[in-house]
Every structure is written in C-alpha cells, then in structure tokens.
Amino acid sequence: METAARCGLIARGVIYLLVGLLAARIAFGDGGEQADRGGALEVLAGQPFGSFLVWAVGVGLAGMALWRLSEAVFGAAGPDGRKAKKRLASAARAVFYGVVAYSVLSFAAGEQGSGSSDKQSQDVTARALDLPYGRWLVGAAGVVVTVAGVWIAVRAVRRSFRKHLKMAGTPRRVKQTVYALGVCGGAARGVVFAVAGGFAITAARRYDPDKAKGLDDTLRTFADTAAGPWLLVAVAVGLALFGVFSFAMARWRRV
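Report follows, based on the coordinates. Bear in mind the structure is a predicted one, so any value in this text is a computation, not a measurement.

## With respect to helix α2 (residues 37–45)
Along α2, the residues classified as buried are Gly39, Ala40, Leu41 and Leu44. Structurally, α2 contributes buried residues whose contacts are with α1 (2–27), α3 (50–74) and α4 (84–108). Between the side-chain oxygen of the N-cap and the backbone nitrogen of Gly38 there are 3.3 Å, and the N-cap of α2 in question is Asp36.

## Looking at the pattern of salt bridges
Pairs can form between side chains of opposite charge once their charged atoms are near each other. If you walk through the whole model with that rule in mind, you get four salt bridges. The shortest N-O distance in the salt bridge between Arg6 and Glu2 comes to 3.0 Å. Here Glu2 and Arg6 lie together in helix α1, a separation of four residues that amounts to about one turn. We classify Arg6 as buried; its relative accessible area is 15%. In this structure, Arg68 and Glu71 form a salt bridge, with 2.9 Å as the shortest nitrogen-oxygen distance. Within this pair, Arg68 and its partner Glu71 are both found in helix α3, separated by three residues, close to a single helical turn.

## Brief notes about the packing of α2 against α3
Close contact between α2 and α3 brings their axes to 7 Å; oriented N to C, the two are set at 140 degrees. Here α3 runs oblique to α2, going by the angle between their axes. Contacts between α2 and α3 involve Leu41, Leu44 and Ala45 from the first element and Gly50, Leu53, Val54 and Val57 from the second.

## Overview of the nonpolar core
By size, the foremost hydrophobic cluster in this structure holds 47 residues, and its most contacted members are Leu61, Leu165 and Leu219. When residues of this core are traced back to their parent elements, those giving at least two are α1, α2, α3, α4, α7 (172–206), α8 (215–222) and α9 (229–252). The contacts of Leu61, once residues within four sequence positions are left out, are Gly8, Ala11, Arg12, Tyr97, Val100, Ala101 and Val104.

About the thresholds
- Residues numbered from 1 in each chain as written.
- Predicted model: local features only at pLDDT ≥ 70, side-chain atom pairs only at ≥ 80, totals over all residues.
- Heavy atoms only, no water.
- Buried < 20%, exposed > 50% of the residue type's maximum accessible area, 1.4 Å probe, protein only.
- Helix = DSSP H or I, 4+ residues; strand = E, 2+ residues; numbered from the N terminus.
- Contact = heavy atoms within 4.5 Å.
- Polar contact = N/O pair within 3.5 Å; in protein donor to acceptor, adjacent residues only side chain to side chain.
- Salt bridge = Lys/Arg side-chain N within 4 Å of Asp/Glu carboxyl O.
- Axes fitted to C-alpha atoms, helices over the stretch in contact; angles between N-to-C directions.
- Parallel < 35°, antiparallel > 145°, perpendicular 65-115°, else oblique.
- Core = buried A, V, L, I, M, F, W, Y, C linked by side-chain atoms within 4.5 Å.

Shown next, in the form of structure tokens:
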C-alpha cells in the first residue's frame, strides 16, 4: 500500500504539473492544447517512450485508488484514521481516483475518449438535467464541488497537510519550501474546484448545460477577468506547484 500510495502521488503530480504548464501557455497565447487531463496525456504520449509514460501514470493512479480504498476499509494513518468520516472521505477519493485511473488507462490502450473535459462536462450535465429533479441534482453537485474547493483552499492556507508529513530531521529550509508549495498549490487547486462548481450551479439555475465547464474552460475564464491573462498565469503556476508538492508528498507522506 505504501508503494501504491507513493506511485499514485507521483502520477498525480505529473498530471497537475503538465496542466499548469499547458494553462500557462494558454495565458501567453501559445497553446492550442487543452489544459486538462486529456491535454496532459497528449503531451506525455508525444514524448520519447510516451506510451510507457501514459501507462505508468495510469497504473500510478490505480495505486492511488487502491490506497484510498484500503484507508476506507482498514482506516488511515494517524490517531483519528479509523473514524467514520475519515473512512467515508477515503471511500469517495477511492471512487474518484478509480474513475480517473480508468480514463487514463483507456487512453493508454488506444481509446481517445469523448473529447475535452469541457464537452464531457456539458454532456454529463445535459443528461443529468433531463432526469427527474435534474436541476436540483446538478445544483447540488455544483454546491458540493464548490464547498470542496473552498475546503481544499482553506486547509491549504492553514497548512493542515503538515500533520500528514514525516519530516523530522529534515532541514528547516526544505520544510519551508514544501510548506510553501502546499499552500500555494493547494490554494490554486481549491480555487479552480470552487469556480468549476459555480459554473455547474449556473447551469442548473439557467437550465443550460452549456454553462457547465470542464477544467480547460474553467481555466480559460480566468484570462477573461479584469486582471487579464495574469490571473490565469497565477493559477497555472499554482497548479504546477501543486504538482511539485505531490512529488514532495510522495517522499514524505505518512501512509
């Protein structure tokens, strides 16, 4: 499980680092790729030994899902790891990473998927809106994602991740660097989640699936604000830093 967890954290770091770099290219007008998981996989696949790299990321994310599942069944590390709410959170993460791992492994096997994250979000939202009480379901999902985003950002700013790190004896400068990566990266990740959830709420309120946005479109909206592309640059740098922080977690995370 420890190996699975650390491989999963590395795989997550690769995805976030590439998404951040793609978003930065968009901010500077030099990026035709999608700044989402699909775009990151396309970049990996285009590298030497690209097929191997994509498979490695998929297997790593499957390891992440397996680790989270073990936490749901047996409890997580720490004195409160066996509490029901901790196990429920681990179960939700196991499902999330299981779906992500499946999509990456499908891509590695040659399936190109249904398009960008934006189109996928709009298609899922359209199907959900057609269900009984569909607007309420979409709105509730948007609220959950928004609250999760705020929760992620607040926990990052409060440096709640420190309790999960085993850094005794690590030089002070290294600790400070890791903490800075966690704060900046986690805050940027939380903001993106919160904004994406807000778009889902808007889609439900207006009964318009086109208002729902995937990761790529959500990131592009930052460039349309009064701050211009510089806000997108800041968010892109934050996501890339979260990728680097994931590498640090792979080294020092308490599993």
